[in-house]
Amino acid sequence: MTPELKAKWLKALRSGDYKQGAHQLRTRKGYCCLGVLCDVSGAGSWVKRGHGWQYEIGDEILVGYAGTAGSLCSFNPFGVEHAIQGHVADMNDCGRSFAEIADYLEEVL
């Protein structure tokens with residue numbers, strides 16, 4: 001992950017501009033912390049699929065549901081280790097705030 005993208009992600013998580021959701025990258029109710037990463041990256045675009053949204057970068061589709069261990073999938077365009085993706089997704093889905101997740105990410109990235 002580039003230092004610039006890391007800074008944008010942490011700033012967005014702490015900004016209060018994103019409503020927090022769970023179990024998917026993005027829903028009508030809010031974003032997972034990994035969905036915020038997709039949104040601030042500017043690398044692709046959101047596409048509505050069923051009850052949620054998927055983030056598409058070129059021909060690749062990023063998904064993140066409960067059941068995929070919270071990771072963005074095997075395609076890893078942002079350079080965040082899968083173990084970290086899974087951990088922050090678990091933090092997100094267990095009710096930890098975006099600010100708490102940002103503090104954790106600041107330490108490990």
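Now for a look at the structure at hand.

About the criteria used
Numbering of residues starts from 1 in every chain and runs along the sequence as written. Per-residue local features are limited, in this predicted model, to residues with pLDDT of at least 70; the limit for side-chain atom pairs, both in listing and counting, is 80 or more; totals at the level of whole chains, interfaces and linings are taken over all residues. As a convention, hydrogens and water are excluded, and side-chain values are obtained from all of the structure's heavy atoms. In this analysis, strands are considered paired if DSSP registers two or more bridges between them. Secondary structure elements follow DSSP: runs of H or I of four or more residues count as helices, runs of E of two or more count as strands, with numbering from the N terminus. Angles run from 0 to 180 degrees between N-to-C directions of axes, and those axes are lines fitted to C-alpha atoms, restricted for helices to the stretch in contact. By definition, residues are in contact when any of their heavy atoms lie within 4.5 Å. By nonpolar core is meant a set of buried Ala, Val, Leu, Ile, Met, Phe, Trp, Tyr and Cys residues that side-chain atoms within 4.5 Å join together. Relative accessibility decides the category of a residue: with a 1.4 Å probe and only protein chains considered, values under 20% of the type maximum give buried, values over 50% give exposed, and everything between is partly exposed. Cysteine sulfur pairs qualify as disulfides if the two atoms are within 2.5 Å.

What follows is about the sheet that holds strand β1 (residues 45–49). Overall, antiparallel pairing links the 3 strands, which are arranged β1-β2-β3 in an open sheet. Each having just a single partner strand, β1 and β3 (60–62) make up the two edges of the open sheet. Neighbour to neighbour, the strand axes of the sheet diverge by 40° on average, direction disregarded. Where β1 meets strand β2 (residues 52–57), 5 bridges bridge the pair, whose relative direction is antiparallel. Paired with S45 across the strands is E56, a residue of β2. Helix α2 (residues 33–41) contacts β1, β2 and β3 of the sheet and is inclined by roughly 130° relative to β1.

Ranked by size, the top nonpolar core spans 29 residues in total, and within it W9, L13 and V36 carry the most contacts. Of all elements in the fold, only α1 (3–15), α2, β2, α3 (82–93) and α4 (98–108) reach the threshold of two or more residues within this core. When residues in this core are grouped by element, the largest group, 6 residues, is from α2. V36 has contacts with W9, A12, L13, Y18, Y31 and F98, leaving out every residue within four places of it along the chain.

Taken as a whole and assessed by the stated rule, the structure comprises 0 disulfides. Left without a disulfide partner, C33 is nearest to the cysteine sulfur of C32, which lies 4.1 Å away. By relative accessible area, which is 0% here, C33 ends up buried.

Below, the discussion takes up the environment of E81. Examined against the element boundaries, E81 turns out to sit in the loop between β3 and α3. On the accessibility criterion, E81 (55% relative accessible area) is exposed.

Let us look at α2. With 8 of 9 residues buried, α2 lies mostly within the body of the structure. By the burial criterion, the buried members of α2 are C33, L34, G35, V36, L37, C38, V40 and S41. Residues of α2 that are buried sit in contact with α1, β1, β2, β3, α3 and α4. Once α2 ends, the next one or two residues include G42, with phi positive near 70°.

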